[in-house]
Amino acid sequence: MSSDTSNSKGSNVGLIALVVGIVGIVIALFGFKQGLDNNDARPLMSWLIGIGFWISIAIGMLFLTQIWYVFHARWPVIIRRQCEHFMAAFPYLLVLFLPLLAVVLFHDNPGILWKWMNGTNALPGHGTVGEDAIYQWKQPFLNIEFFTIRVFMIFGVFILISGLLRKFSFDTDKTGDIKNTHKARVLSSLGLFLCAVAMTMGAIDWFKSLEYHWFSTMYGVWFFAACMRAALASIIILTVILAAKGYLKGILKQAHRYDIGCMMLAFTVFWAYISFSQYFLIYNANIPEETFWYNLREQNFDGTTNSWWWVSMGLIFGHFLTPFLCLLWYKTKVVIWRTVAISTWILAFHILDLYWNIVPGKLVNPDPHAAGYLVRQFSISPYDIAALVGIGGICIFAMCRSMKKAEPIPIRDPNILTSLNYTE
Amino acid sequence: MATTSQDCSMDAAQAELLAKVQPAELHEQALVTNNRDFNWVTDKICRIVETKTPTWWWICMAVALMTASFTGVGLLWLVSSGVGVWGLANPINWGWAIVNFVFWIGIGHAGTLISAVLCLLKQGWRTSINRAAEAMTIFAVVCAGIFPLFHVGRVWFAWWLFPIPNSNGIWPQFRSPLEWDVFAVSTYGTVSVLFWYMGMIPDLGVLRDRAVQRLTKGAYEGAGVLAKGMDIFRKNFYAILAMGWRNAGNHWRNYEMAYLILAGISTPLVLSVHTIVSFDFALAVLPGWHTTIFPPYFVAGAIFSGFGMVLTLMLPLRALYGLHDLITQRHIDNMCKICLGTGSIVGYAYIMEFFIAWYGANPYESFAFINRAFGQYWWAYVMMFSCNVFTPQLFWFKKVRANAALVWIMSIFINVGMWFERFVITVTSLANDFLPSSWGYYSPTMVDILTFFGTFGLFSVLFLLFLRFLPLMPIAEVKFVMPQADPHGHHGDEKGDHN
């Protein structure tokens, strides 16, 4: 860090974030324990939503960093450094994933959250998971051992690539050696492929396999779009705060906000394109083995509209239409409070998108004589908030810790002057 | 170091930080090499259409016309006999016609991508290749349009595709993606033509003015009456096309605004056209066709094939016209890298389709994919996979990208691979569908082959005419990315990068 003032500010924020994070995690873990005791998946979902939200931001930033390297982008160099700091959260996120893995590996009922992990789990109208022909078919992929290996492989890819990119960039600050830039470019070209595979596997394992009967080739692309939107919105909020607090004061320009705003608009449309295509192709083909996933998000077994219908409408109008229309305006992309407002809005609806993907599920009807199933309805649990705040606190602590290790901007990057002097 | 005045309120810590800024030196090739000046660029581009028609052009034109006549013969045969002369037979009722349509439409994607998307992304390197790519787009759309047009059987009723009230009360089926294609492709074609033409206006003005200058000077001694006659023709021809362009400040302001708006309008079209083409397949419930990743996968494939064709065309042109200073190794590198990226996205989609076909636990879907790879059309699958996924991986290596001949050969592989991709998708799913008793094997007839082969001739005829009569590159835009145009200096600095 460049100054003592900023340094102390950074330390304070990091410390506060750590304390808030630990408090949040303790509360969320209390809920986690309740879930385990009562065989209730919902508090575990809170944890998954928390992890999903913060890892999506980190993954998006990792993709952006690599894309900027591959395209030899000049303007975002000062923003790239902030992404590099945030990517320090990956190892912490792995540690925070371990409670879920511990349940999978050591609990009596490993299938509380991912029901396919316990063969004795009852399915509505299907007997048990173990007897389910569809599970038996998928068993070579969906088994606990392979799942565990994949968790470490996925995190391994993210930690390795983000770590190396951080190293190359921080080393350039010290030595000014251009070889670091070349190495980062080559690594990014390869890293994009590895990260695409890791991210897809994460989306399939952690979110899609919650309802393991369902399948869609588009799912990995949906998660990519979601990650990019989350990362861009977070970048706006993060850089605006850093500029306001002195860390990037006078360095972050209107032009940077404008270009990030343009990317937010582009990825808002991309997210809608991917989400709509997936929905439309399944709706139009009308094959029950695919449509049931959307049906759960619209109606109960008896055909009545359920709470997810409203969430779905919220996603269409709140996660696409509103940001799309707002971001068409120039001022939304440059006026500080407007950029922060639209970014916060996008992040809030991104969380709702994660709810929509994670929470609904078929529940066994408690009345054995009644037909059908129950749908887990939309609800915001205090543990959701605790997990989001707790995991977020740790991520911000990791970022602040990283900020102490390197300059606020990559002072010896070959394109730093273009980025500093960037105008619209 | 200096910063701009906006947002410049900073405290001592920031000033101290900025004082430490000392960028490492990065050598990147300029976009116009050999310290060429503005006049050289104008002269180089204009002389392509102003000098005597080269012999190779006449030879190529003769061959292209002859080849194009095959399409004429094929279509005449079809119209006089009926669609039965194609190799279509139950259950394979879509054959080469749809394959060729998607193939050509895909090639037509690079033009709009380069002119619109790369313009919005401020990619300076697009300037040397965008005009030719846009021309290629339009000619590819022309070739593509032939196949569905004649596939309707009675081509004289093709206008029924448009919702025009007619005496028979026949109305298009709006729920069919084939009907959406009509609107998507015609919109795409129209906007592409507008974009292409509008971008050319300043250069057409330059060609007009150069003809006027020569006529005013009257310097035709020894050149004969023909040269003067040609200039009179040029003066009038380009004057009409340039629509009164005078290089005035307000002309340029309007032009740049219009260009930006058209780029904004065209960008969604890059996605929409091939998305709707993918719906032609994905909206069916046929295994191998109905899969949710089709829209972005088709778009990536289209960009891949489009850039493949841009390389196929631009590399020979670069050699023939000596354009090495304008289409530099950096341009070739970038195009190769885009091929590598999009080819790999296509590879991701192939693998994801295969994986989800298994993961979906649907035996019909699994069969469709195993049948693709190991069934009666295994050879087509091998061609598709090796050309589209493995071939571009060679572009990782700088030495490969630096070898123009090799890059050109690989671009041909990409074209071939992308044709086979559409063949694999269309034919394998239909040939072995739900009823094994009606399974079949599709073979094209001579009419199919002649019609398709001829479209390469038609495409070449149109492209050769473009080369001969219209400016190959946007002169002013090329100048914008030259070292001399950099407001920060670096005049004549080969190493500096200025886009």
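Residues numbered from 1 in each chain as written. Chains lettered and ligands numbered in written order. Predicted model: local features only at pLDDT ≥ 70, side-chain atom pairs only at ≥ 80, totals over all residues. Heavy atoms only, no water.

**Let's talk about the overall build of chain B**
Here's step 1: Within chain B one finds 17 helices and zero strands.
Here's step 2: Relative to the compact-globule value of 23 Å for 499 residues, chain B shows a C-alpha radius of gyration of 25 Å, a close match.
Here's step 3: Dimensions along the principal axes, computed over C-alpha positions, put chain B at roughly 75 × 70 × 45 Å.
Here's step 4: In chain B, which comprises 499 residues, the share counted as buried stands at 56%. (Helix = DSSP H or I, 4+ residues; strand = E, 2+ residues; numbered from the N terminus. Rg over C-alpha atoms; globule rule 2.2 N^0.38 Å. Buried < 20%, exposed > 50% of the residue type's maximum accessible area, 1.4 Å probe, protein only.)

**Observations concerning the overall build of chain A**
Here's step 1: Counting secondary structure elements, chain A contains 15 helices and four strands.
Here's step 2: Scaling as 2.2 N^0.38, a compact globule of 424 residues should have a C-alpha radius of gyration of about 22 Å, and chain A matches this with 22 Å.
Here's step 3: Expressed as lengths along the three principal axes of its C-alpha atoms, the size of chain A is roughly 70 × 45 × 35 Å.
Here's step 4: Within the span of chain A, comprising 424 residues, buried residues form 62% of the whole.
Here's step 5: For chain A, the share of sequence-separated contacts (at least 6 apart) that also reach a separation of at least 24 residues comes to 78%.
Here's step 6: Total accessible area on chain A stands at roughly 15600 Å², and carbon and sulfur atoms take up 69% of it.
Here's step 7: For chain A, the centre of its 31 positive side-chain charges and the centre of its 24 negative side-chain charges are spaced 13 Å apart. (Contact = heavy atoms within 4.5 Å. Areas by Shrake-Rupley, 256 points an atom, 1.4 Å probe, with all protein chains shown as cover. Lys, Arg positive; Asp, Glu negative; His and termini not counted. Charge placed at Lys NZ, Arg CZ, Asp CG, Glu CD.)

**A few points about the interface of chain B and chain A**
Here's step 1: Taken together, the 52 residues of chain B in the interface contact 66 residues of chain A.
Here's step 2: Summing both sides of the interface, chain B and chain A together bury roughly 5200 Å²; the carbon and sulfur share of this comes to 65%.
Here's step 3: Summed over the three residues of chain B that lose the most area to chain A, namely Thr292, Trp358 and Tyr359 of chain B, the buried surface amounts to 14% of that side.
Here's step 4: Here chain B and chain A share two salt bridges between them. (Buried area = accessible area lost by both parts, 1.4 Å probe. Salt bridge = Lys/Arg side-chain N within 4 Å of Asp/Glu carboxyl O.)

**Structural notes on a nonpolar patch on the surface**
Here's step 1: Where nonpolar side chains cluster on the molecular surface, the patch consists of Val79, Trp156, Phe157, Trp159, Phe162, Ile164, Trp171, Phe174 and Phe183 of chain B and spans about 850 Å² of accessible area.
Here's step 2: Assignment of secondary structure puts Trp156 of chain B in the loop between helix H6 (130-151) and helix H7 (177-217). (Patch = residues over 30% accessible without salt bridge, like charges linked within 9 Å, V, L, I, M, F, W, Y side chains within 5 Å.)

**Observations concerning the side chain of Asn388 of chain B**
Residues and elements named next belong to chain B.
Here's step 1: By the secondary structure assignment, Asn388 is in helix H13 (residues 378-390).
Here's step 2: Overall, Asn388 belongs to the buried group, its relative accessible area being 0%.
Here's step 3: Side chain to side chain, Asn388 and Tyr350 meet in a polar contact 2.9 Å long.
Here's step 4: A distance of 3.2 Å separates a polar atom in the side chain of Asn388 from the backbone oxygen of Gly417.
Here's step 5: Non-local contacts of Asn388, meaning those with residues more than four positions away in its chain, are made with Phe304, Gly343, Tyr350, Met383, Ile414, Gly417, Met418 and Glu421. (Polar contact = N/O pair within 3.5 Å; in protein donor to acceptor, adjacent residues only side chain to side chain.)

**A closer look at helix H7 (residues 178-207) of chain A**
Here's step 1: Spanning 30 residues, H7 of chain A covers 41 Å between terminal C-alpha atoms, matching the ideal 44 Å at 1.5 Å per step.
Here's step 2: A distance of 3.0 Å separates the backbone nitrogen of Lys179 of chain A from a side-chain oxygen at the start of H7 of chain A, and that oxygen is part of Asp177 of chain A. (Expected span 1.5 Å × (residues − 1).)

**Quick look at helix H10 (residues 288-296) of chain A**
Here's step 1: Among all positions of H10 of chain A, only Glu290, Thr291, Phe292, Trp293, Tyr294 and Leu296 of chain A are buried.
Here's step 2: Of the surrounding elements, those touching the buried residues of H10 of chain A are helix H8 (219-244), helix H9 (254-285), helix H11 (307-328), helix H13 (336-358), strand E3 (362-364) and strand E4 (373-375) of chain A.

**Some remarks on the environment of Trp104 of chain B**
Residues and elements named next belong to chain B.
Here's step 1: Here Trp104 lies in helix H4 (residues 96-107).
Here's step 2: Trp104 sits in the buried class, given a relative accessible area of 0%.
Here's step 3: Residues Trp104 and Pro471, 367 residues apart in the sequence, show an inter-C-alpha distance of 24 Å.
Here's step 4: With sequence-adjacent residues up to four places away left out, Trp104 is seen in contact with Ala140, Cys143, Ala144, Phe147, Met309, Phe452, Thr455, Phe456 and Phe459.

**Structural notes on unusual backbone geometry**
All names here are of chain B.
Here's step 1: The residue after Asn90, namely Pro91, is reached through a cis peptide bond having omega 0°.
Here's step 2: Topologically, Pro91 is positioned in the loop between helix H3 (55-81) and H4.
Here's step 3: At Met243, a position not held by glycine, the phi torsion is positive, near 50°.
Here's step 4: Within the secondary structure, Met243 sits in the loop between helix H8 (224-242) and helix H9 (249-282).
Here's step 5: At Asn247, a residue that is not glycine, the phi angle is positive and equals roughly 65°.
Here's step 6: For Asn247, a relative accessible area of 44% translates into the label partly exposed.

**Regarding the state of the cysteines**
Here's step 1: In this structure the tally under the stated criterion is zero disulfides over all chains.
Here's step 2: Not part of a disulfide, Cys227 of chain A finds its nearest cysteine sulfur in Cys195 of chain A, a span of 11 Å.
Here's step 3: Free of any disulfide, Cys339 of chain B has its nearest neighbouring cysteine sulfur in Cys336 of chain B, separated by 6.4 Å.
Here's step 4: What makes Cys339 of chain B buried here is its relative accessible area of 0%. (Disulfide = S-S within 2.5 Å.)

**Here's the deal with the pattern of salt bridges**
Here's step 1: A complete count under the given rule lists 23 salt bridges over all chains for this structure.
Here's step 2: For the salt bridge of Asp384 of chain A with Arg42 of chain A, the shortest nitrogen-to-oxygen distance reads 2.8 Å. Linking Asp384 of chain A in helix H14 (residues 382-403) with Arg42 of chain A in helix H2 (residues 42-70), this pair joins segments that are 342 residues apart in sequence. Pair check on accessibility: Asp384 of chain A and Arg42 of chain A agree, each one buried.
Here's step 3: For Asp231 of chain B, the salt bridge is made with Arg234 of chain B, and the minimal N-O distance between the two is 2.9 Å. With Asp231 of chain B and Arg234 of chain B both in helix H8 and three residues apart, the pair spans about one turn of that helix. No difference in accessibility class separates Asp231 of chain B from Arg234 of chain B, as the two residues are buried.
Here's step 4: Overlapping salt bridges bring together Asp43, Glu50, Arg210, Arg214, Asp231 and Arg234 of chain B as one network.

**Here we look at the packing of helix H6 (residues 144-175) of chain A against H7 of chain A**
Residues and elements named next belong to chain A.
Here's step 1: Viewed as axis vectors pointing N to C, H6 and H7 meet at an angle of 155°, and their least axial separation amounts to 9 Å. In terms of axis orientation, H6 runs roughly antiparallel to H7. Once H6 is placed against H7, the crossing between them reads as left-handed. (Axes fitted to C-alpha atoms, helices over the stretch in contact; angles between N-to-C directions. Parallel < 35°, antiparallel > 145°, perpendicular 65-115°, else oblique. Left-handed = near helix turned anticlockwise from the far one by under 90°.)

**Here's the deal with the packing of H7 of chain B against H9 of chain B**
All names here are of chain B.
Here's step 1: Relative to each other, H7 and H9 sit at 155°, their axes nearing to 9 Å. The pairing of H7 with H9 is recorded here as roughly antiparallel in orientation. In this structure, the crossing between H7 and H9 has a hand that is left-handed.
Here's step 2: Residues belonging to the contact of H7 with H9 are distributed by class as follows: 22 nonpolar, three polar and two charged. (Nonpolar A, V, L, I, M, F, W, Y, C, P; charged D, E, K, R; others polar.)

**Considering the nonpolar core**
Here's step 1: In terms of nonpolar packing, the biggest core is built from 301 residues, with Trp114, Trp206 and Ile409 of chain A together with Trp104 of chain B touching the most fellow members.
Here's step 2: Sorting elements by how many residues they give to this core places H8 of chain A first, with 20 residues.
Here's step 3: Setting aside its immediate chain neighbours within four residues, Trp114 of chain A contacts Leu48, Phe97, Leu100, Val104, Phe147, Asp205, Trp206, Ser209 and Leu210 of chain A. (Core = buried A, V, L, I, M, F, W, Y, C linked by side-chain atoms within 4.5 Å.)

**Considerations on the side chain of Glu179 of chain B**
Residue and element names in this part refer to chain B.
Here's step 1: With respect to the element layout, Glu179 can be found in helix H7.
Here's step 2: Buried and without a salt bridge, Glu179 has Arg175 as its closest oppositely charged side chain, separated by 12 Å.
Here's step 3: When near neighbours in sequence (up to four residues on either side) are disregarded, Glu179 contacts Leu161, Pro172, Gln173 and Phe174.

**Some words on the confidence of the model for chain B**
Residue and element names in this part refer to chain B.
Here's step 1: For chain B, the average pLDDT comes to 88, and 95% of its residues sit at 70 or higher.
Here's step 2: Confidence drops under a pLDDT of 50 for residues 491-499, and excluding neighbours within four residues, the segment shows 29 contacts in the predicted structure.
Here's step 3: Across the predicted assembly, pTM comes out at 0.92 and ipTM at 0.90. (pLDDT = per-residue confidence, 0-100.)

**Some words on the environment of Ile391 of chain A**
All names here are of chain A.
Here's step 1: Its location among the elements puts Ile391 in helix H14.
Here's step 2: Residues Ile391 and Ala28 lie 363 residues apart in sequence; the distance between their C-alpha atoms is 9.4 Å.
Here's step 3: In contact with Ile391, other than residues within four places in its own chain, are Ile25, Trp47, Gly50, Ile51, Trp54, Leu93 and Leu96.

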